[in-house]
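# Residue-level structure breakdown
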Amino acid sequence: MVELMTPLFVILCPAIAAPMILLFGKRPNIREGWTIAAGIAMFSLVLSMLPTILDGEVIKCTFFQTLFEGVAFGFKVDAFGIIFALTASSLWILVSFYSIGYMRSLHEHAQTRYFFSFAIAIFGGIGIAMSANLLTMFVFYEILTVSTYPLVIHDQTPEALSAGRKYFAYLLTSGCFFLFAVIMTYYLTGTTDFTNGGIPALGSASRLILVILFFCFLLGFLKAAWMPFHSWLPTAMIAPTPVSALLHAVAVVKAGVFGIVRIVCFIYGVDLMTSLGLGLALACIAAFTMIVANLFAIAQDNLKRRLAYSTINQLSYIILGAALLTQDGIRGAMMHIPFHGYMKITLFLCAGAIMVVTGKKNISEMAGIGRTMPVTMLAFSIGALGMSGIPPVVGFMSKWYLCLGSVRAYEIISPVMITFLFVLLIASLLDVVYFFPIIHTAFFKRPEGEGNEEGMEKEKIKEAPLFMLIPLTITAIFSVIFLLDFILGLNIISMYIYELVEIAVGNVIP
Amino acid sequence: MVRLILAEHFPVLVVAVSLLSAFTILIAGWVNKKTSCPISIATISVQLLMAFFIVNHVLTKGTIHYRLGGWAPPWGIEYVIDALNAYVLVVILFLSLICAIYSKRSVEKEQPHKIVPFYVVFQLLITGLCGITVTGDIFNMYVFLEIASLAAYALIAVAGGRALKASYNYVIMGSIGACFFLLGIGFLYAVTGSLNMADLSRLLPPLYGNKVVQAAFVFFAVGLSIKVALFPLHIWQPDAYTYAPSAVSAIIAATMSKVSVYALIRVIYSVFTLDFIRIYDGVDIAICWIAAIGIIAGSVLAIVQNNLKRMLAYSSVAQIGYIVLGIGLSPISAWGLLGAIAHISNHAIMKGCLFLAAGAFIYKLGLWDIRDFAGLGKKMPYASAAFTIAAISMIGIPPSTGFATKLFLIFASLKASEVLSSSAYVFVVVLLLSSLLNLVYFWRVIERMYFVKTEEETNGGEKEAKKADIPISMLVPMLILAILCIVVGILWLTQAPLPLINETFSRFGMGVMP
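Residues numbered from 1 in each chain as written. Chains lettered and ligands numbered in written order. Predicted model: local features only at pLDDT ≥ 70, side-chain atom pairs only at ≥ 80, totals over all residues.

### With respect to the overall build of chain B
Our working definition: The numbering of helices and of strands both runs from the N terminus, where a helix is a DSSP run of H or I of at least 4 residues and a strand a run of E of at least 2. Put simply, the radius of gyration uses C-alpha atoms, and a globule should come to 2.2 Å times the residue count raised to 0.38. Counting other C-beta atoms within 10 Å of each residue's C-beta, where C-beta atoms are placed from the backbone, gives the exposure class: buried for 20 or more, exposed for 12 or fewer, partly exposed between. By definition, residue pairs are in contact when their C-beta atoms, positioned from the backbone, come within 7 Å.
Within chain B one finds 21 helices and 2 strands. At 22 Å, chain B has a C-alpha radius of gyration in line with the 24 Å of a compact globule built from 514 residues. Referenced to the eigenvectors of the C-alpha coordinate spread, the extents of chain B come out at roughly 80 × 65 × 45 Å. The buried share among the 514 residues of chain B stands at 60%. Across chain B, the fraction of contacts at a sequence separation of at least 24, relative to all contacts at a separation of at least 6, is 78%.

### Digging into the interface of chain A and chain B
Where we set the bar: Gly is placed with the polar residues, together with every amino acid not listed as nonpolar (Ala, Val, Leu, Ile, Met, Phe, Trp, Tyr, Cys and Pro) or charged (Asp, Glu, Lys and Arg).
If you look at the interface, chain A gives 22 residues, while chain B gives 22 residues. Elements with a minimum of two residues in the side of chain A that touches chain B: strand 2 (59-65), helix 5 (134-152) and helix 6 (158-189) of chain A. If you tally residues by element for the side of chain A that touches chain B, the top one is helix 6 of chain A, at 10 residues. Residue classes in the side of chain A that touches chain B are distributed as 16 nonpolar, 4 polar and 2 charged.

### Notes on the environment of Lys-378 of chain B
Its place among the elements puts Lys-378 of chain B in helix 15 (residues 376-379). Between the C-alpha atoms of Lys-378 of chain B and Lys-34 of chain B, which are 344 residues apart in sequence, the distance is 33 Å.

### Some details on the packing of helix 16 (residues 381-395) of chain B against helix 18 (residues 423-451) of chain B
Residues and elements named next belong to chain B. Basically, it comes down to this: With axes taken as lines fitted to C-alpha atoms, and helix axes fitted only over the stretch in contact, angles between N-to-C directions fall between 0 and 180 degrees. Relative orientations are named as follows: roughly parallel for angles under 35 degrees, roughly antiparallel for angles over 145 degrees, roughly perpendicular for angles from 65 to 115 degrees, and oblique for any other angle. With the far helix as reference, a near helix turned anticlockwise by less than a right angle produces a left-handed crossing, and one turned clockwise produces a right-handed crossing.
Running from amino to carboxyl end, helix 16 crosses helix 18 at an angle of 165°, the nearest separation of the two axes being 9 Å. Put simply, helix 16 runs roughly antiparallel to helix 18. In the packing of helix 16 onto helix 18, the handedness of the crossing is left-handed. Residue-level inspection shows Ser-384, Thr-388, Ala-391, Met-394 and Ile-395 of helix 16 in contact with helix 18, the latter providing Ser-435, Asn-438, Leu-439, Phe-442, Val-445, Ile-446 and Met-449.

### Some details on the packing of helix 4 (residues 83-110) of chain B against helix 14 (residues 334-365) of chain B
Residue and element names in this part refer to chain B. It is the contact of helix 4 with helix 14, at a shortest axis distance of 11 Å, that shows an interaxial angle of 5°. Relative to helix 14, the element helix 4 is oriented roughly parallel. Counting all contacts with helix 4, which are made through Val-88, Val-91, Leu-95, Ile-98, Tyr-102, Ser-106 and Lys-109, the residues of helix 14 involved are Ile-344, Ser-345, Ala-348, Gly-352, Leu-356, Gly-359 and Tyr-363. Looking at the contact of helix 4 with helix 14, its residues break down into 9 nonpolar, 4 polar and 1 charged.

### Side note on unusual backbone geometry
Residues and elements named next belong to chain B. Cis geometry marks the peptide bond from Phe-231 to Pro-232; its omega dihedral reads 0°. Among the secondary structure elements, Pro-232 is positioned in the loop between helix 9 (211-228) and helix 10 (237-243). Here Pro-398 and Pro-399 are connected by a cis peptide whose omega angle stands at 0°. With a phi angle near 65°, Ala-229 is a residue other than glycine that sits in the positive phi range. Within the element layout of this structure, Ala-229 appears in the loop between helix 9 and helix 10.

### Considering the sheet that holds strand 2 of chain A
All names here are of chain A. Formally: For two strands to pair, DSSP has to find at least two bridges joining them.
Pairing is mixed across the open sheet formed by 3 strands, whose spatial order is 1-2-3. Each end of this open sheet is capped by a strand with a single partner; those strands are strand 1 (2-3) and strand 3 (72-77). One ladder, built from 2 bridges, connects strand 1 with strand 2; its direction is parallel. Its bridge partner being in strand 2, Glu-3 is matched across the sheet by Lys-60.

### Some points on the pairing of strand 2 (residues 78-81) of chain B
Residues and elements named next belong to chain B. In strand 2, alternate side chains face the same way, and those of Glu-78 and Val-80 on one face and Tyr-79 and Ile-81 on the other are all buried. Here strand 1 (residues 64-67) runs beside strand 2; their pairing, made up of 4 bridges, is antiparallel. The residue bridging Arg-67 from the neighbouring strand is Glu-78, located in strand 2.

### Brief notes about the confidence of the model for chain B
Note the cut-off: pLDDT gives the predictor's per-residue confidence on a scale running from 0 to 100.
On average, residues of chain B score 87 in pLDDT, and 96% of them are at 70 or above. Quick note on the complex model: pTM equals 0.91, ipTM equals 0.89.

### Looking at the nonpolar core
Quick reminder of the rule: Core membership is restricted to buried Ala, Val, Leu, Ile, Met, Phe, Trp, Tyr and Cys residues, and these are joined into a nonpolar core through C-beta atoms within 7 Å.
Core analysis: the largest hydrophobic core is formed by 422 residues, its most contacted members being Ile-83 and Ile-319 of chain A together with Ile-156 and Cys-353 of chain B. Top element by residues in this core is helix 11 (residues 246-279) of chain B. It accounts for 21 residues. Each residue touching Ile-156 of chain B, except ones within four places of it in the same chain, is listed here: Ala-163, Ala-166, Ser-167, Tyr-170, Ala-240, Ala-244 and Val-248 of chain B.

### A look at the pairing of strand 3 of chain A
All names here are of chain A. Of all the 6 residues making up strand 3, 6 are buried; the element is thus mostly covered by neighbouring parts of the structure. Both faces of strand 3 are covered, namely the face carrying Ala-72, Gly-74 and Lys-76 and the face carrying Phe-73, Phe-75 and Val-77. Connecting strand 2 to the next strand, strand 3, in antiparallel fashion are 6 residues, including Gly-70 with a positive phi near 90°.

### A few points about the environment of Tyr-363 of chain B
Residues and elements named next belong to chain B. When you line up the elements, Tyr-363 lands in helix 14. A C-alpha to C-alpha distance of 28 Å links Tyr-363 and Val-487, two positions 124 residues apart in sequence. Apart from residues lying up to four places away in sequence, Tyr-363 is in contact with Ser-106, Lys-109, Ser-246, Ile-470 and Met-474.

In structure tokens, the structure reads:
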């Protein structure tokens, strides 16, 4: 346990940038300068905490004791927290660059509001990652919900507004459940700190209350978009693409699954979860979501909506990993948070690039797009391979551990758990079913109306602006590098994620 | 040394200065009517300064007892200031100061011919409010309650037109409330022969079984419920808040109802004490249920309003429900009283800010119908921002003031579940549901202000919206309150208010904070 001020400085970066963005609203270049500067400063500050964490220490930063005895408002950065913080802060920089390209290419209105809300959303997301206890987490969780609202309704069309209402109706209602669960936890145990192996005092409460409390937590983390409470997520696709990228890869939905893993591993603890049988219940929800979301995804023609359902599916991989309650399962779940972040953001950035260049939103219109936008579609293919868990991309790693985890769960928990191995495999298969047609359409189909040979030759390469192209290339490359690093063992190029996951898993199940 | 000795006299000075200032305004106004507002602001500043010294004195040296005219307590009037009054005094004086600064331009525009009478009555209202807060004598409390109420009736009627009817309704209901209060005092005097609160609380315990004492409690409760506009006794309140001048809506919503709540707390805990409630243990549950119904009913009624000020008025009905729910829970769990006390300042700040913003919309653009608000966020960015922050606090998004209250009250309800079993969970549900209802009616406004496109915008023209700036003297008070919505919200989470809470609890026999 080390007392350091670094977490405070980390959270200050977006906190200072936000008002500055408002202040320089009339000068776009300076305004965006603040976003980028804050992003880089934040990322380096998060990196500076890495060595301490890798030593197995935990960084603590307490702001004040609250009126509730035993609950301090403050940050505690452990290995699991820093995984999320690293993902969020590194992707923020890339998405910021991309946003600049995207917003300026489309001449979007209200860009100041956009960048302001973006900074506040990151403030919320990083706060969740570093929270020391449930109360702190709740505060940032709600900030995240409110700050993403202006992003979702950015278009300000009636459809966008109704999407915004739905977004709020789901997420703030879920906030009520979360708040209740937080206070109930405090009422039962007198603490809300995230504790390795779970809060011991929680075990003495009655079984019924614990089960109800757990489902309150689950409802509270509706941001994880588990079915049947997922429909806010595809609806929120009406937002500009970089927002969807932020929502689906970095801040919002990851905050949801991050929270669920925190609850499973650091509030209830693996032993209590096993003895209550909650692991199986959670795994069933996750399995249901994985299969059904994939079936939904197959039916979508709008690219972003298909990606949204893919996200719902992938988030449930993480939930399932935690629910397996075995070392490998949790390892897979924790890895999947950054890996899915990188892969899914690649996909969304590609979708945005296609929209900016060609204005196309539906997959059926994208015939031949691989020829005009080869780099973008190559990146897209990498992301799609990763989603399906095919080796050159890092999605394979997390899926591998999840499968191992379900086999272990079969051995030590109950024979039923082997079902989830098959669920995982079927879900991966379905992933292939809906991603490969996109790649096929893009590269091998010819655009309608110009089916003849000469039309093909004349097509010129027309890529998105560099501001957009470079970020999506970087994320695609990283999606491969992560796996490469697992083999090479250099650690440095994958930001020590594997070591961090090992430490985090060690904290959960020694 | 001098300062410390003087602090003992501040309780009476706070009232006396204010009363004298009311007459000074009248005389000075004859000569030059522009002097009335500055005199009022100066007076309230001095009072606020005194209030700070009083707080300091109470927290360091303990409760202040001041004997008016040197007469010993049971016979003479005694002013008693403990942590609770000191806190309420600061809250109401601060809000009064904010409203006074704001009122200058607002009154000049809305009532150009009644400036002097306005400030005279305004100052009388503040005198009444301070008097209720500092006094330790129950009859004296009644007198000040009447002063404040009469001033409030007059201030509402200043606007003329429909406000006259609203004021008339208020007079009728308010007088009934005052009668009940007076009857309660009479009953207590009949059985004990005393009017001093501390004395009463000593004399009453043997008489708890007495029917007269029980009747007195009910009279107090009903009378003050009318004054605080607790559902279903709120019917005077929406009209009064809607048609009053902007500054008056703000000050009445922010301070008048809070002081009445304070009077309720004082009567319950300092006159009847906790033991009385514990004997009749259905009483507190009944209060809780009424409050819970009020919270939901007020919020639902607010949803259907199109007039912004009317919506805020119904929202106040719901918020008063929060405070009363806290009071009802407090015999079971001290956290309830903490929630109630916290919400006195929280609601004053939030509702004050909202009413000031609503007043600003009317002042500049004549907008009061929510349906006309499209594009307001661009026309009046600062006022809209203040409104938004306060609205977010009302919904209870952390780390705002509303969140702190919600946190305390939900925890109190959970604590109460040990005694009340399952019905306590109903209160938790009510509190959470209420914050969602708040979301519904406040977000409707915010959505329209910022995100719904105006007709000009949808018809193509990317015209830069004309900014309609309100005077600085109206803007700054609003922004201060908006900032306080966040700052105070964080303060309630920290241990900063601990001395205040412990002091109050120990006086009410609840022990120190758990």
